[in-house]
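Chain and residue survey
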Amino acid sequence: AQSVTQLDSQVPVFEEAPVELRCNYSSSVSVYLFWYVQYPNQGLQLLLKYLSGSTLVKGINGFEAEFNKSQTSFHLRKPSVHISDTAEYFCAVIKPGTSGSRLTFGEGTQLTVNP
Amino acid sequence: NAGVTQTPKFRVLKTGQSMTLLCAQDMNHEYMYWYRQDPGMGLRLIHYSVGEGTTAKGEVPDGYNVSRLKKQNFLLGLESAAPSQTSVYFCASSWGDRVQPQHFGDGTRLSIL
């Protein structure tokens, strides 16, 4: 079974600084990878996804992620964050062929952007 | 364009009481899911459905039941609530394809005293 580990539970940064949120997965087969964002008191929204092809994936709000198969990682990056990026971010994985399109989520990383 | 709507948004129950959480989606999605979110544990799948009239167990199904009598609705029931079921519950839906994103409701905060 696949699993997802988000290496940092909290990441505080200053506005306009770059940020990287780390995600590692474990799976013996190829997987699809996702990043979701959760703003306070809301549900999750898809930021970006990796299915195949280019290992650098661009998402909404200026975020991007790089799939690294050898390191089994899918880290999320943004070159310059805004106060409005303060939210919780979840990495998720699904194995192709999984019945019901069931995602496995990481524990989440709380990104706090300070002025 | 409502998307995924969860009812109620907040609820406080006493141990042993029962209740039903309602999820409604207006996107004609085939798949629907119920998750619980607890601090430091991410989202864990309780039950899911791949179509009207079908349900299946997820990662943490014990103490919960579900029904999908209509395609647009997915109900989550707690027959005898326990304090361990205090959590934020999220419903999601998606097209019947693993590469399609799941659309989430805004959650139901449930406290069991």
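What this report covers is the structure whose coordinates are included nearby. Worth saying up front: this structure is predicted, and the values here are computed from it rather than measured.

Contacts between the two partners involve 24 residues from chain A, matched on the other side by 22 residues from chain B. With both sides pooled, the region where chain A packs onto chain B buries about 1,800 Å², and carbon together with sulfur makes up 56% of that total. The interface formed by chain A and chain B holds zero salt bridges in total. The tally of links between chain A and chain B comes to four residue pairs in polar contact (both at pLDDT 80 or more). Breaking the side of chain A that touches chain B down by element, the ones donating at least two residues are strand E5 (32–38), strand E6 (44–50) and strand E10 (87–94) of chain A.

This part is about the state of the cysteines. The tally for this structure, following the rule as stated, stands at two disulfides over all chains. With its sulfur 2.0 Å from that of its partner, A:Cys23 forms a disulfide with A:Cys91. Between A:Cys23 and A:Cys91, the disulfide has an S-S torsion of -70° and is therefore left-handed. A residue pair is termed long-range when its members are at least 10 positions apart, and A:Cys23 in strand E4 (residues 23–26) and A:Cys91 in strand E10 qualify at 68 residues. Summarising the burial analysis for this pair, A:Cys23 and A:Cys91 share the class buried. Between B:Cys23 and B:Cys91 runs a disulfide, and the two sulfur atoms are separated by 1.9 Å. The sign of the S-S torsion, about -75°, decides the handedness of the disulfide formed by B:Cys23 and B:Cys91: left-handed. Placement of B:Cys23 in strand E3 (residues 19–25) and of B:Cys91 in strand E9 (residues 87–94) is noted, with a sequence separation of 68 residues between them. Since its relative accessible area comes to 0%, B:Cys91 is described here as buried.

How each quantity is defined
Residues numbered from 1 in each chain as written. Chains lettered and ligands numbered in written order. Predicted model: local features only at pLDDT ≥ 70, side-chain atom pairs only at ≥ 80, totals over all residues. Heavy atoms only, no water. Contact = heavy atoms within 4.5 Å. Buried area = accessible area lost by both parts, 1.4 Å probe. Salt bridge = Lys/Arg side-chain N within 4 Å of Asp/Glu carboxyl O. Polar contact = N/O pair within 3.5 Å; in protein donor to acceptor, adjacent residues only side chain to side chain. Helix = DSSP H or I, 4+ residues; strand = E, 2+ residues; numbered from the N terminus. Disulfide = S-S within 2.5 Å. Buried < 20%, exposed > 50% of the residue type's maximum accessible area, 1.4 Å probe, protein only.

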